[in-house]
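Chain by chain, the residues:
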Amino acid sequence: VQLQASGGGLVQTGGSLRLSCAASGRTFSDYAMGWFRQAPGKEREFVAAISWSGGSTYYADSVKGRFTISRDNAKNTVYLQMNSLKPEDTAVYYCVADREYLLLQDDYDYWGQGTQVTVSS
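Residues numbered from 1 in each chain as written. Predicted model: local features only at pLDDT ≥ 70, side-chain atom pairs only at ≥ 80, totals over all residues. Heavy atoms only, no water.

A.B. asks: Quick question: what am I supposed to make of the overall build of the protein here?
C.D. replies: Along its length, the protein carries zero helices and 11 strands. The order of α-helices and β-strands along the protein, N terminus first, is β-β-β-β-β-β-β-β-β-β-β. Along the first, second and third principal axes, the C-alpha atoms of the protein reach 40 × 25 × 25 Å. Residue burial in the protein is summarised as follows: out of 121 residues, 44% are buried. Looking at the protein alone, contacts between residues at least 24 apart form 57% of all its contacts between residues at least 6 apart. On the protein, roughly 6000 Å² of surface is accessible, and the fraction owed to carbon and sulfur atoms is 44%. Between the centroid of the 11 positive side chains of the protein and the centroid of its 12 negative side chains there is a distance of 7 Å. (Helix = DSSP H or I, 4+ residues; strand = E, 2+ residues; numbered from the N terminus. Buried < 20%, exposed > 50% of the residue type's maximum accessible area, 1.4 Å probe, protein only. Contact = heavy atoms within 4.5 Å. Areas by Shrake-Rupley, 256 points an atom, 1.4 Å probe, with all protein chains shown as cover. Lys, Arg positive; Asp, Glu negative; His and termini not counted. Charge placed at Lys NZ, Arg CZ, Asp CG, Glu CD.)

A.B. asks: Can you help me understand empty space enclosed by the protein in this one?
C.D. replies: Which parts of space are left empty comes out when a probe the size of a water molecule is rolled across the atoms. Considering all chains together, one arrives at one cavity of 30 Å³ or more under this definition. Within this model, the largest cavity holds a volume of roughly 40 Å³. Around the largest cavity sit V1, A23, S24, G25, R26, T27, F28 and Y31, which together line it. Its residues assigned to classes, the lining of the largest cavity comprises four nonpolar, three polar and one charged. (1 Å grid on protein atoms, 1.4 Å probe; cavity = no way out; pocket = protein on both sides within 12 Å on 5 of 7 lines; lining within 4 Å. Points joined across faces, edges and corners; volume = space filled by probe spheres on them. Nonpolar A, V, L, I, M, F, W, Y, C, P; charged D, E, K, R; others polar.)

A.B. asks: I tried to follow the state of the cysteines on my own but got confused; where do I start?
C.D. replies: The bond known as a disulfide is covalent and runs between the sulfur atoms of two cysteines. Summed over all chains, the structure comprises one disulfide. Paired through a disulfide, C21 and C95 show a sulfur-sulfur distance of 2.1 Å. Taking the sign of the S-S torsion, -85° for the link of C21 and C95, the bridge is left-handed. Of this pair, C21 sits in strand β3 (residues 17-24) while C95 sits in strand β9 (residues 91-98); the two residues are 74 residues apart in sequence, bridging distant segments of the chain. Residue class for C95 comes out buried when judged on its relative accessible area of 0%. (Disulfide = S-S within 2.5 Å.)

A.B. asks: Got a minute to help me understand the pairing of strand β1 (residues 2-6) in this structure?
C.D. replies: Remember that side chains alternate between the two faces of the sheet whenever the strand is regular. Going residue by residue along β1, you find L3 and A5 tucked away on one face and Q2, Q4 and S6 left uncovered on the opposite face. Judged from the five bridges that link them, β1 and β3 form a sheet pairing that is antiparallel. Counterpart to Q2 in the pairing with β3 is S24. (Pairing = 2+ DSSP bridges.)

A.B. asks: Is there a simple way to explain the environment of G112 in this structure?
C.D. replies: Looking at the secondary structure, you find G112 in the loop between β10 (110-111) and β11 (115-120). If we skip the residues at most four places from it in the chain, G112 touches L3, Y94 and C95.

A.B. asks: When you look at the nonpolar core in this model, what are you seeing that I'm missing?
C.D. replies: A general feature of soluble globular proteins is that nonpolar side chains tend to end up buried together. Membership of the largest hydrophobic core comes to 37 residues, with the highest contact counts inside it found for M33, W35, V78, L80, M82 and Y93. Every element with two or more residues in this core is listed here: β1, β3, β4 (32-38), β5 (45-50), β7 (67-72), β8 (77-82), β9 and β11. In contact with V78, other than residues within four places in its own chain, are L19, S20, C21, F28, M33, W35, I50, I69, S70, R71 and C95. (Core = buried A, V, L, I, M, F, W, Y, C linked by side-chain atoms within 4.5 Å.)

The structure is reproduced here in structure tokens:
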């Protein structure tokens, strides 16, 4: 599975961004999807995950209530809607995919190239 993330950018505190991740190469609905992020000098951390049909989602406590993960299997795309952004959300965001619904485990089989999100204070 090839993953291409987009939608990152610079936004002010309290603003919103929507990340997209387009998948290709395999049957998209066979894969659970997720997002991780990594800030400079920090370890990579789980953000959100979504099951194969989209019927189940799971979030890190730090983003719960502010971020929403969704997917459109007809478009082979997963989204991350990010609202009420904070400076601590600044990171490179990575789209991930795996046949298993791994939730916050970071051993997903496929990783995208990352997209930078910067939140200014």
